[in-house]
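# Structural overview
Chain by chain, the residues:
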Amino acid sequence: LKAYRQVVVGADPEDDLAPVTLAVYRAARPPTVSTVTSVEEVLRAALPLPAYMRSMGLSEETSPSSVTFNILMDMAAELGDLEALQAVEAERAAFGGLGLDHYLIHSQMKCHAVRQDLAGVTEVKERMDRLRVPPNERTFSVLVLSLLRCGETAKAELLLRNALARSLYIHDSLFMAFLHHYASAGQLEQVDATFQA
């Protein structure tokens with residue numbers, strides 16, 4: 001499943017995917033082998049994995065874990081596939097009793113950001129505040145990355161500057177996102193300042 005995720009995360013959505021041979025999962029049936037040529041097909045092949053695992057019998061070796069669901073949620077979020085994310089969320093809640101937590105919140109934020117839906121990102125953050133789910137060390141990074149993906153560079157920069165001034169924990173993916181953003185815009189002074197930070 002992690003290999004499937006790497007295909008989704010590493011693919012350029014503008015380009016066709018080189019043919020990838022992988023297992024396609026179905027509940028209560030053995031997996032079949034197929035060749036796919038899009039990241040959406042990779043996600044569709046992996047989504048039924050928890051149901052397939054459960055159909056093998058509930059043992060520690062064959063039961064999906066929270067990690068299984070987290071990877072699937074991340075794959076759906078990377079593709080901005082809200083429907084797939086909601087399907088994993090429902091499956092996760094039904095099987096493991098896992099409700100709203102940081103993994104789900106972060107996936108929802110990322111999914112809306114990939115769709116360039118700033119209102120969706122804001123709604124997820126407001127729901128998190130309303131339900132008093134305390135942010136963890138990744139929440140800040142995910143929020144800033146979401147703002148950056150939605151084109152809200154000034155807001156993202158302001159949050160990053162505030163975090164640096166307060167010596168908050170900042171995940172390296174956040175710095176990488178800013179480095180990539182500034183480099184692609186030719187803002188070399190900002191690249192250097194970010195690297196120094």
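The coordinates are above.
Computed from a predicted model, the values in this text were never measured in an experiment.

Attention shifts here to the state of the cysteines. The tally for this structure, following the rule as stated, stands at zero disulfides. Of all cysteine sulfurs, the one in Cys 150 lies closest to Cys 111, which takes part in no disulfide; the gap is 11 Å. For Cys 111, a relative accessible area of 0% translates into the label buried. Assessed through its relative accessible area of 13%, Cys 150 is described here as buried.

Okay, the pairing of strand β2 (residues 29-36) next. Sheet topology note: the strand β1 (residues 20-26)/β2 ladder contains six bridges and is antiparallel. Bridging across to β2, Val 24 finds its partner in Thr 32. What sits between β1 and β2 in their antiparallel hairpin is a turn of two residues, with Ala 28 showing a positive phi close to 60°.

For the rest of this paragraph, the subject is the packing of helix α2 (residues 39-46) against helix α4 (residues 66-78). One way to put it is that α2 packs onto α4 with a least axis distance of 10 Å and a crossing angle of 155°. One finds that α2 runs roughly antiparallel with respect to α4. Relative to α4, α2 is oriented so that their crossing is left-handed. Residues Val 42, Leu 43 and Ala 46 of α2 touch α4, and the partners they reach there are Leu 72, Met 75 and Ala 76.

This brings us to the packing of aromatic side chains. The final tally for this structure, using the stated rule, is three aromatic pairs. Both rings, one in Phe 69 and one in Phe 95, keep their centres 6.3 Å apart while their planes meet at 45°; by these two values the pair is tilted. With Phe 69 in helix α4 and Phe 95 in helix α5 (residues 82-96), the pair connects residues that are 26 residues apart, well separated along the chain. Ring geometry for Phe 178 versus Tyr 182: centroids 5.8 Å apart, planes at 35°, classification tilted. Of the two residues, Phe 178 and Tyr 182 both sit in helix α10 (residues 172-184), four residues apart, roughly one turn of that helix. Residue Phe 178 shares its accessibility class with Tyr 182, and that shared class is buried.

How each quantity is defined
Residues numbered from 1 in each chain as written. Predicted model: local features only at pLDDT ≥ 70, side-chain atom pairs only at ≥ 80, totals over all residues. Heavy atoms only, no water. Disulfide = S-S within 2.5 Å. Buried < 20%, exposed > 50% of the residue type's maximum accessible area, 1.4 Å probe, protein only. Pairing = 2+ DSSP bridges. Helix = DSSP H or I, 4+ residues; strand = E, 2+ residues; numbered from the N terminus. Axes fitted to C-alpha atoms, helices over the stretch in contact; angles between N-to-C directions. Parallel < 35°, antiparallel > 145°, perpendicular 65-115°, else oblique. Left-handed = near helix turned anticlockwise from the far one by under 90°. Contact = heavy atoms within 4.5 Å. Phe/Tyr/Trp six-rings, centres within 6.5 Å; stacked < 30°, edge-to-face > 60°.

On their own, these measurements won't tell you what the molecule is for.
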